[in-house]
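One-letter residues, chain by chain:
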Amino acid sequence: MAFSPDVIIIGAGVLGLCTAAELGARGHAVTVIDPGGPNASSVAAGMIAPALESLLDDLSPDRASLLKRARDLWPDLAGAHGVKLHRDGADWRGEEPGPALARLRALGFEGRSIEGGLTTPDDWRIDVGPALTALARAPGVTVVRGRVVRLAGEGRRWRVEAGDGRVWFSPTVVLATGADPAIPGLPEPVAAIVAGVQPIRGQLTSVATAAPPRVVRAAGVYVAPGEGGVVIGATMEPGRRDIEPDAAESARQVEAGLTLLGATGEAGAVRVGIRGATADGLPLAGPAGEPGLHLALAPRRNGWLMGPLTAQIVADGIEGRVPMADAAALDPLRFA
């Protein structure tokens, strides 16, 4: 049986679902095809953190401003789809907080000193499980389980084939496939872009302990409030695609995180996800240089932060609108 939605999105991570919700709100009929199970977006702490990401990665003022603008799109998206947005801020702890605070303020963020570090109101978070569920239920969006095994351009439409034989046709396809390899049948230039996405393995651990009022971060570790306690993470291991948890790394993370809190706790589930990253750390969002083919890929560790911005850029590209100012920074063809 063949199905023909207005737009097919391959992948139900945060970039794919934010894009689906944006397109649904604009009146498009969207089908999201995803194999199910955990993905990098579900194996995350849900941090929307332009301030501390800019500080810890020593970003330029221009890049920091872009991340802040991306964050500022979240209230409208969250309000439209019933996603709870926690505007708790975040704490950073480390040696010599004075220079860190000065750097944070120089990047355009608010902050003040606290014992052993600083705090900023500019970083927010969401609960990833409920947020993914809410976005998947957005009006105009249908999520189906299936693994896409082949794409083919057929005139003015794309043929999308799942491993079980189901087939969809649509004039527009959005690849939101994370760090997965290129799907067979992609045009060679687009396959090369997808192949250039670097996989980065990330691991975090759930811990039963009293949750802090906000995210707490330090060099090499973070602690974020989570269901039943906290989540402590996360590794950044470029080039790895294996998803078997590393017990020794989990123990190290948990020890560092509990030390950060000055608390004790019981370690629980260990989760591993594979993120995708580009050479400049920004997603690939927008037209892919082939008619009807668009990308929403590779946000590194800022998938939740960049979701609404990616969605608007991709939706504008599909509708042929004048690109927003930030679209150039996320152009999938910028490395060509």
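Placed above this text is the structure.
The structure displayed is predicted, hence computed values, not measured ones.

**Observations regarding the overall build of the protein chain**
Move 1: Helix and strand content of the protein chain: nine helices and 22 strands.
Move 2: Computed over its C-alpha atoms, the radius of gyration of the protein chain comes to 20 Å, within 12% of the 20 Å expected for a compact globule of 336 residues.
Move 3: Structurally, the protein chain occupies a C-alpha span of about 65 × 40 × 35 Å along its principal axes.
Move 4: Expressed as a percentage of its 336 residues, the buried residues of the protein chain come to 53%.
Move 5: Entry remark: accessible area of the protein chain is about 14100 Å², with carbon and sulfur atoms responsible for 52%.
Move 6: Each charge sign in the protein chain was given a centre, from 32 positive and 37 negative side chains, and these centres are 2 Å apart.

**Some points on the sheet that holds strand β9 (residues 124-126)**
Move 1: The sheet built from three strands is open, its strands ordered β4-β9-β5 with antiparallel pairing. Pairing within the sheet leaves two strands with one partner each, and these edge strands are β4 (47-48) and β5 (85-86).
Move 2: One ladder, built from two bridges, connects β4 with β9; its direction is antiparallel. Bridge pairing links Met47 to Arg125 in β9.

**Observations concerning the packing of aromatic side chains**
Within a pair of aromatic rings, the relevant descriptors are the distance that separates the centres and the angle that separates the planes.
Move 1: Tallied over the full model, the rule gives one aromatic pair.
Move 2: Sitting above the plane of the Trp124 ring, Arg71 keeps its charged end 4.5 Å from the centroid.
Move 3: When the ring centre of Trp124 is taken as origin, the NZ or CZ atom of Arg87, which lies over that ring, is 4.8 Å away.

**Notes on the nonpolar core**
Move 1: One finds Ile9, Trp74, Trp304 and Met306 to be the most contacted residues of the largest nonpolar core, which totals 48 residues.
Move 2: Of all the elements in the fold, those that place two or more residues in this core are β2 (7-10), α1 (14-25), β3 (30-34), α3 (61-71), α4 (74-81), β9, α6 (128-136) and α9 (303-319).
Move 3: Per-element tally for this core: the top contributor is α9, with nine residues.
Move 4: Among all residues touching Trp304, those that are not within four sequence positions of it are Val14, Ser41, Ala44, Gly46, Met47, Ile48, Trp74, Ile126, Val128, Ala131 and Leu132.
Move 5: Judged by nonpolar contacts, the second largest core, of 24 residues, contains Val148, Ile193, Val194 and Leu295.

**Topic: the environment of Val149**
Move 1: By the secondary structure assignment, Val149 is in strand β11 (residues 148-154).
Move 2: Exposure remark for Val149: the relative accessible area of 33% places this residue in the partly exposed category.
Move 3: Sequence-distant contacts of Val149, that is, excluding residues within four places in its chain, are made with Glu161, Ala162, Gly163, Ile183 and Pro184.

**A few points about the sheet that holds strand β10 (residues 141-145)**
Move 1: Spatially, β10-β3-β2-β14-β22-β21 is the arrangement adopted by the six strands of the open sheet, whose pairing is mixed. For this open sheet the edge positions go to β10 and β21 (284-287), each flanked by a neighbour on one side alone. Direction aside, the axes of adjacent strands within the sheet are offset by 20 degrees on average.
Move 2: With three bridges joining them, strand β14 (residues 172-175) and strand β22 (residues 293-297) adopt parallel strand pairing. Following the sheet pairing, Val174 is matched in β22 by His294.

**Some thoughts on the environment of Asp242**
Move 1: Structurally, Asp242 is set in the loop between β19 (237-238) and α8 (247-261).
Move 2: Since its relative accessible area comes to 33%, Asp242 is described here as partly exposed.
Move 3: Spatially, the C-alpha atom of Asp242 lies 8.1 Å from that of Ile274, the residues being 32 residues apart in sequence.
Move 4: Not counting the four nearest positions on each side in its chain, Asp242 is found in contact with Arg201, Val272 and Ile274.
Move 5: At a separation of 2.6 Å, a polar atom in the side chain of Asp242 contacts the side chain of Arg240.

What counts as what
- Residues numbered from 1 in each chain as written.
- Predicted model: local features only at pLDDT ≥ 70, side-chain atom pairs only at ≥ 80, totals over all residues.
- Heavy atoms only, no water.
- Helix = DSSP H or I, 4+ residues; strand = E, 2+ residues; numbered from the N terminus.
- Rg over C-alpha atoms; globule rule 2.2 N^0.38 Å.
- Buried < 20%, exposed > 50% of the residue type's maximum accessible area, 1.4 Å probe, protein only.
- Areas by Shrake-Rupley, 256 points an atom, 1.4 Å probe, with all protein chains shown as cover.
- Lys, Arg positive; Asp, Glu negative; His and termini not counted.
- Charge placed at Lys NZ, Arg CZ, Asp CG, Glu CD.
- Pairing = 2+ DSSP bridges.
- Phe/Tyr/Trp six-rings, centres within 6.5 Å; stacked < 30°, edge-to-face > 60°.
- Lys NZ or Arg CZ within 6 Å of the ring centre and 35° of its normal.
- Core = buried A, V, L, I, M, F, W, Y, C linked by side-chain atoms within 4.5 Å.
- Contact = heavy atoms within 4.5 Å.
- Axes fitted to C-alpha atoms, helices over the stretch in contact; angles between N-to-C directions.
- Polar contact = N/O pair within 3.5 Å; in protein donor to acceptor, adjacent residues only side chain to side chain.

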